[in-house]
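Structural overview for review
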Amino acid sequence: GIPYLLEAIKILSSKRADFCLKIVGDGPFRSEYQEMSRKLGIVNFVEFTGRVSDEEKLRLLCNSHFLVLPSLYETFGVVLIEALACGKPVITTLSGGQKEFINEKTGLLVPPGDAEALAKAIEHMLNCCSEYSPHKLSKYVHNNFSYEPVGKLLYQAYVETLKNSRMV
């Protein structure tokens, strides 16, 4: 969904200039996305970091105001949990499992492939990200995604599977 994110930044850059998007990671389309940024005239708003270490990723998350994951399809989105654990709200798409745990208390959901909706969500988050409690966000992750709650869910799934296999 990076092309839609870049289009959203173009829309937003016509309204304000008080932000910078850092695209973290690398891949086969990086040069195309950099070229798209040039064509859209948003190179002053976008930084491509390339691949970073886990420590650098954590530093970038901690120093950000929020995270945007514009996936067209996503099974879960571990980086969303990482951002929330760092106390950062998120913007992501209604494109998979993340709709099960992203809500008005943790961030914003937008339709996949919709640059206008993404631009509106980013603008809203730029104005309101300080209204999200970093403590509540990281506590939410601890209560729902740390070893103990996930272990309990897995245990329950195994018990149910064993019960059902004995019935066959």
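My aim in this report is to walk through the structure given alongside it, one point at a time. It should be emphasised that the depicted structure is a prediction, and the values quoted were computed from it without experimental measurement.

Reading the values: rules and limits
Residues numbered from 1 in each chain as written. Predicted model: local features only at pLDDT ≥ 70, side-chain atom pairs only at ≥ 80, totals over all residues. Heavy atoms only, no water. Helix = DSSP H or I, 4+ residues; strand = E, 2+ residues; numbered from the N terminus. Contact = heavy atoms within 4.5 Å. Areas by Shrake-Rupley, 256 points an atom, 1.4 Å probe, with all protein chains shown as cover. Disulfide = S-S within 2.5 Å. Buried < 20%, exposed > 50% of the residue type's maximum accessible area, 1.4 Å probe, protein only. Salt bridge = Lys/Arg side-chain N within 4 Å of Asp/Glu carboxyl O. Patch = residues over 30% accessible without salt bridge, like charges linked within 9 Å, V, L, I, M, F, W, Y side chains within 5 Å. Pairing = 2+ DSSP bridges. Right-handed = clockwise from strand over helix to strand, strands pointing away. Core = buried A, V, L, I, M, F, W, Y, C linked by side-chain atoms within 4.5 Å. Axes fitted to C-alpha atoms, helices over the stretch in contact; angles between N-to-C directions. Parallel < 35°, antiparallel > 145°, perpendicular 65-115°, else oblique. Left-handed = near helix turned anticlockwise from the far one by under 90°. Nonpolar A, V, L, I, M, F, W, Y, C, P; charged D, E, K, R; others polar.

Turning to the overall build of the protein, a few remarks are in order. Across its full length, the protein carries seven helices and five strands. Along the protein, helices (α) and strands (β) appear in the sequence α-β-α-β-α-β-α-β-β-α-α-α when read from the amino end. For the protein, the spread of C-alpha atoms along the three principal axes comes to 60 × 35 × 30 Å. Long-range contacts, defined here as pairs at least 24 residues apart, represent 58% of the contacts in the protein between residues at least 6 apart. Taken as a whole, the protein presents about 10400 Å² of accessible surface, with 55% of it coming from carbon and sulfur.

Next up on the list: the state of the cysteines. Following the criterion strictly, the structure yields zero disulfides and no others. Here Cys86 stays unpaired: no disulfide links it, and the sulfur of Cys62, its closest cysteine neighbor, is 3.9 Å away. Of the residues examined, Cys86 reaches a relative accessible area of 21% and is grouped as partly exposed.

What follows concerns the pattern of salt bridges. All chains considered together, the criterion is met by nine salt bridges. Residue Lys163 is joined to Glu160 by a salt bridge in which the shortest nitrogen-to-oxygen separation is 3.9 Å. Taken together, the residues span about one helical turn, with Lys163 and Glu160 both in helix α7 (residues 147–167) at a distance of three residues. Relative accessible area serves as the criterion here: at 45%, Lys163 is assigned to the partly exposed category. Since its relative accessible area comes to 41%, Glu160 is described here as partly exposed.

On to a nonpolar patch on the surface, then. Nonpolar side chains collect at one region of the surface, where Val150, Leu154 and Tyr158 lie side by side and expose about 290 Å² of accessible area between them. Positionally, Tyr158 belongs in helix α7. Relative accessible area serves as the criterion here: at 57%, Tyr158 is assigned to the exposed category.

To continue, consider the pairing of strand β1 (residues 21–24). With burial as the criterion, only one face of β1 is covered, namely that bearing Leu21 and Ile23; the residues Lys22 and Val24 on the opposite face remain uncovered. Sheet topology note: the β1/strand β2 (residues 46–50) ladder contains four bridges and is parallel. Note that in β2 the partner of Lys22 across the bridge is Glu47. Note on the crossover from β1 through helix α2 (residues 30–40) to β2: the handedness is right-handed.

Another point: the nonpolar core. Judged by nonpolar contacts, the single largest core of 39 residues is most densely connected at Leu5, Leu6, Ile9, Val46, Ile91, Leu118 and Ile122. Each residue touching Leu5, except ones within four places of it in the same chain, is listed here: Leu21, Val68, Pro70, Leu118 and Ile122.

Take the environment of Val78 next. Looking at where Val78 falls in the secondary structure, it is placed in helix α4 (residues 78–85). Residue Val78 is classed as exposed on the basis of its relative accessible area, which comes to 51%. Residues Val78 and Gln98 lie 20 residues apart in sequence; the distance between their C-alpha atoms is 9.1 Å.

This part covers the packing of helix α1 (residues 2–13) against helix α5 (residues 115–128). One way to put it is that α1 packs onto α5 with a least axis distance of 8 Å and a crossing angle of 60°. For the element pair α1 / α5, the angle class is oblique. For the pair α1 and α5, the sense of crossing is right-handed. Between α1 and α5, the residues in contact are Tyr4, Leu5, Glu7, Ala8, Ile9, Ile11 and Leu12 and Ala115, Glu116, Leu118, Ala119, Ile122, Glu123 and Leu126, respectively. In the contact of α1 with α5, the residues fall into eleven nonpolar, no polar and three charged.

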